[in-house]
Structures are given as C-alpha cells and as structure tokens.
Amino acid sequence: MLVVTAPTSTIGRLLVDDLLDRGESLRLVVRDPSRLADEVREQAEVVKGSHGDPAVIGWACDGAEAVFWLAPDDPTAPSTEAAYVDFTRPACEAFTHHGVRRVVAITALGRGTELAGHAGLVASSLAMCDLIAASGAAFRAVACPSFMHNLLHQVKTIKEQGMFFLMADPDLKVPTVATRDIAATAARLLVDDSWHGSGQVACLRPEDLSPIEMARIISEVLGTEIGYRQTPGAAFKARMTGFGMTDKMAQGMVDMFEAKNKGLDNAEPRTVESTTPTTFRMWCEEVLKPAVAA
C-alpha cells in the first residue's frame, strides 16, 4: 500500500496516474474527494481530510509501505515554519508509530549551501526534510528548482501584455524542472524498495537558462515577441500580501527568490541521475502554447 498526500496537486495528479498505470495499490489523502477523477476514485482507497490532521494521517499510514509527502501551499500560514515543519509533525509521528518503511517528499535545492539558512521557504522545507529523516523511515528528498509550471499563472499576462514577470535576475542562468519529471522521479522511488537511509535526488532540466533566454524560446514557440521584466522584491511582496498571503509567508517567498538570485539553485551538480528529460522548449510547445491558445 502506497499513501499519496496532495493527490489533486499539480505533481500529485501526475504521480497518481503513473502509480495506477503500474498497478500499485494506492491510498489517497484528500480534503475534497470530488476533485479526484472518477476512474481514480474507483481504483484507489480514499481518505477524506487534511494530511496535517493527526487522526487523518495516522489512519492513512496504518499498514502503509511507503508515503509520498507534499506540504500544501498555504498562503495564510502564520510562518514558513508552520507551513512546513509544524504541518509535518503529525505525519512523522504516524510514520514512526505505524512503521512506515519509506517516505518520499518534495523539497527545494540548496542543502549544504550557506544560502539555504536564509532562503525563506527553502529553509523551512529543508527543516521539514530533517524532521522526516529523523522519523525512522528510509527517506528520499526530491529536490527541485523552480517549476516551469509556475509560468502557467502568467498565461493571461503573456497573452495580453506580451510579457512575463519574475524576481529572477534577467541574465542569471538557472535550472528549472517540469512537474511531470518530478512526478516520474517520485514514482520511481516509491515503487523501489531497495534503497535505505536518508538522501536526496535532484531534478534538473537538461539546460540552464536565464529569463531572457526563456523569453526568446517562448517567443519562438508562440510565434510572437514575448519580453521579460524583473519584479523588485518589495513589489512582489506587496502583490502577494494583496492577494491575502500573510506577511511572513510573503517575506519567505521574497527571501527564497533573493537566495536563488545569489546562486542557491546553481550549487547542485548536474549528473546523469539528476538530469530530467523535459527541456524548456519541449514544455513550452507541449504545455504553455496550448494554454495560451486556450
């Protein structure tokens, strides 16, 4: 039995489909089961509730071989530590109590760097992983840079203004990753019972690109000129709090992006194992272009 948390998330949906295609027995922890596809509900056991609830995650882990852990986005959390570490504490107690053998979690790059401790959301995500690793279960952290998927939040801006906006330095070459590659890595680890101890597996697209280079590729794929503009941290924070994000969570995001601009995501070496198959151009052609057209 494999437990999947956040099965309706961008990564979770892809992971569930992959695991069901492999014939795995799944138990899905989800607040709103109606968001699951009908065929998924027919093939998997569903536990309704939040995976941050001790009773819910405790029930879900009973008899489980392995768990996929993804802390949900919570813009209303009082702090980044609350969003990651405090949310995960009940799960770690459940892993220990029920003898869960393996846990795979999604986290960020930066472990072992001087920047990580001052990187907002990243620092708390890495602390979450330390907590899981101490639970007694074998643990693998799937460590990721920024997601290509995040550009889908700017489809309207790309379409109507011919621009996209990030906090990233326009000329800094950095890795990103496609969510389908993250899900594939997590699926591979979940079904493999040969690994032990604690460790990290990075997910890096085949090439590093700057936002200016990304804009050029988007322009070529869409057949129209798309520009890039860097957003100052103060303006980004004001925008996030304007959408209802708490001050500490918004500051945590600003701190994360500032650390990325100082090279946080560039410290991880690209290896055969860490290199994922989806290039940025492939993603633009297969995902971004249809989204803009729609």
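About the thresholds
- Residues numbered from 1 in each chain as written.
- Predicted model: local features only at pLDDT ≥ 70, side-chain atom pairs only at ≥ 80, totals over all residues.
- Heavy atoms only, no water.
- Helix = DSSP H or I, 4+ residues; strand = E, 2+ residues; numbered from the N terminus.
- Rg over C-alpha atoms; globule rule 2.2 N^0.38 Å.
- Contact = heavy atoms within 4.5 Å.
- Areas by Shrake-Rupley, 256 points an atom, 1.4 Å probe, with all protein chains shown as cover.
- Phe/Tyr/Trp six-rings, centres within 6.5 Å; stacked < 30°, edge-to-face > 60°.
- Buried < 20%, exposed > 50% of the residue type's maximum accessible area, 1.4 Å probe, protein only.
- Salt bridge = Lys/Arg side-chain N within 4 Å of Asp/Glu carboxyl O.
- Patch = residues over 30% accessible without salt bridge, like charges linked within 9 Å, V, L, I, M, F, W, Y side chains within 5 Å.
- Lys, Arg positive; Asp, Glu negative; His and termini not counted.
- Charge placed at Lys NZ, Arg CZ, Asp CG, Glu CD.
- Expected span 1.5 Å × (residues − 1).
- Axes fitted to C-alpha atoms, helices over the stretch in contact; angles between N-to-C directions.
- Parallel < 35°, antiparallel > 145°, perpendicular 65-115°, else oblique.
- Left-handed = near helix turned anticlockwise from the far one by under 90°.
- Nonpolar A, V, L, I, M, F, W, Y, C, P; charged D, E, K, R; others polar.

Student: Would you take a moment to explain the overall build of the protein for this structure?
Tutor: Within the protein, the secondary structure is distributed over 11 helices and 11 strands. In terms of overall size, the protein behaves like a compact globule, its C-alpha atoms giving a radius of gyration of 19 Å where 294 residues would be expected to give roughly 19 Å. Projected onto its principal axes, the C-alpha coordinates of the protein cover approximately 55 × 40 × 40 Å. Excluding contacts between residues fewer than 6 apart, the proportion of contacts in the protein whose partners are at least 24 apart in sequence is 76%. Within the structure as shown, the protein displays about 13,100 Å² of accessible surface, and the carbon and sulfur contribution to it stands at 51%.

Student: Looking at this structure, I do not really get the packing of aromatic side chains. What am I missing?
Tutor: A ring pair, where both rings are aromatic, is described by two values, the distance of the centres and the angle of the planes. Evaluation of the coordinates by the stated rule reveals 5 aromatic pairs. Ring geometry for Phe 164 against Tyr 228: centres 5.1 Å apart, planes inclined by 45 degrees, an arrangement best described as tilted. Taken together, the residues span a long stretch of sequence, with Phe 164 in strand 8 (residues 163–166) and Tyr 228 in strand 11 (residues 227–230) at a distance of 64 residues. On the basis of relative accessibility, which here comes to 0%, the residue Phe 164 falls in the buried class. Ring centres of Phe 236 and Phe 257 lie 5.6 Å apart, and the angle between their planes is 85 degrees; on these two criteria the pair is classed as edge-to-face. On the criterion of sequence distance, the pair formed by Phe 236 in helix 9 (residues 233–242) and Phe 257 in helix 10 (residues 247–261) is long-range, its members being 21 residues apart.

Student: Can you help me understand the pattern of salt bridges in this one?
Tutor: Note on pairing: side chains with opposite charge can pair once their charged atoms come close. All chains considered together, the criterion is met by 15 salt bridges. Arg 102 is the partner of Glu 65 in a salt bridge, and the nearest nitrogen-oxygen pair spans 2.9 Å. You can see Glu 65 sitting in the loop between helix 3 (54–61) and strand 4 (66–69) and its partner Arg 102 sitting in strand 5 (residues 102–108), a full 37 residues away along the chain. A relative accessible area of 24% places Glu 65 in the partly exposed class.

Student: I would appreciate a short explanation of a negative patch on the surface in the present structure.
Tutor: On the surface, Asp 17, Asp 21, Glu 39 and Glu 42 cluster together into a negatively charged patch. Looking at the negative patch, the elements with two or more residues in it are helix 1 (10–21) and helix 2 (38–43). Looking at the element boundaries, Glu 42 is found in helix 2.

Student: Just to check I follow, could you spell out helix 7 (residues 179–191) for this structure?
Tutor: Two residues of an α-helix separated by three or four positions point the same way, owing to the 3.6 residues in each turn. With 13 residues, helix 7 ought to run about 18 Å at 1.5 Å a step, and its terminal C-alpha atoms sit 19 Å apart, in line with that. Restricting attention to buried positions, one finds in helix 7 the residues Thr 179, Asp 181, Ile 182, Ala 183, Thr 185, Ala 186, Ala 187, Leu 189 and Leu 190.

Student: Looking at this structure, I do not really get unusual backbone geometry. What am I missing?
Tutor: Trans peptide bonds make up most of the peptide bonds, and negative phi angles are found at most residues other than glycine. Positive phi values are uncommon outside glycine, yet Ala 6 reaches one of about 50 degrees. Within the fold, Ala 6 resides in the loop between strand 1 (2–5) and helix 1. Here Ala 6 falls in the buried class, since its relative accessible area comes to 13%.

Student: Just checking my understanding: could you explain the packing of helix 1 against helix 7 for this structure?
Tutor: Axes are the key here: two packed helices are described by the angle between their axes and the distance separating the axes. Where helix 1 meets helix 7, the axes come as close as 8 Å, and the angle between the chain directions of the two elements is 50 degrees. Relative to helix 7, the element helix 1 is oriented oblique. By crossing handedness, the relation of helix 1 to helix 7 is classed as right-handed. Listed contacts from helix 7 to Thr 10, Ile 11, Leu 14, Leu 15, Asp 18 and Leu 19 of helix 1 are Thr 179, Arg 180, Ile 182, Ala 183, Ala 184, Ala 186, Ala 187, Leu 190 and Val 191. Looking at side-chain class alone, the contact of helix 1 with helix 7 contains 11 nonpolar, 2 polar and 2 charged residues.

Student: Before we go on, may I ask you to explain the packing of helix 3 against helix 4 (residues 80–98) in this structure?
Tutor: With their axes 9 Å apart at the nearest point, helix 3 and helix 4 run at an angle of 30 degrees to one another. As judged from the angle between their axes, helix 3 and helix 4 are roughly parallel. In this structure, the crossing between helix 3 and helix 4 has a hand that is right-handed. In this structure, helix 3 uses Pro 54, Ile 57, Gly 58 and Cys 61 to contact helix 4, whose residues at the interface are Pro 90, Ala 91, Ala 94, Phe 95 and His 98. Looking at the contact of helix 3 with helix 4 residue by residue, the classes come out as 7 nonpolar, 2 polar and no charged.

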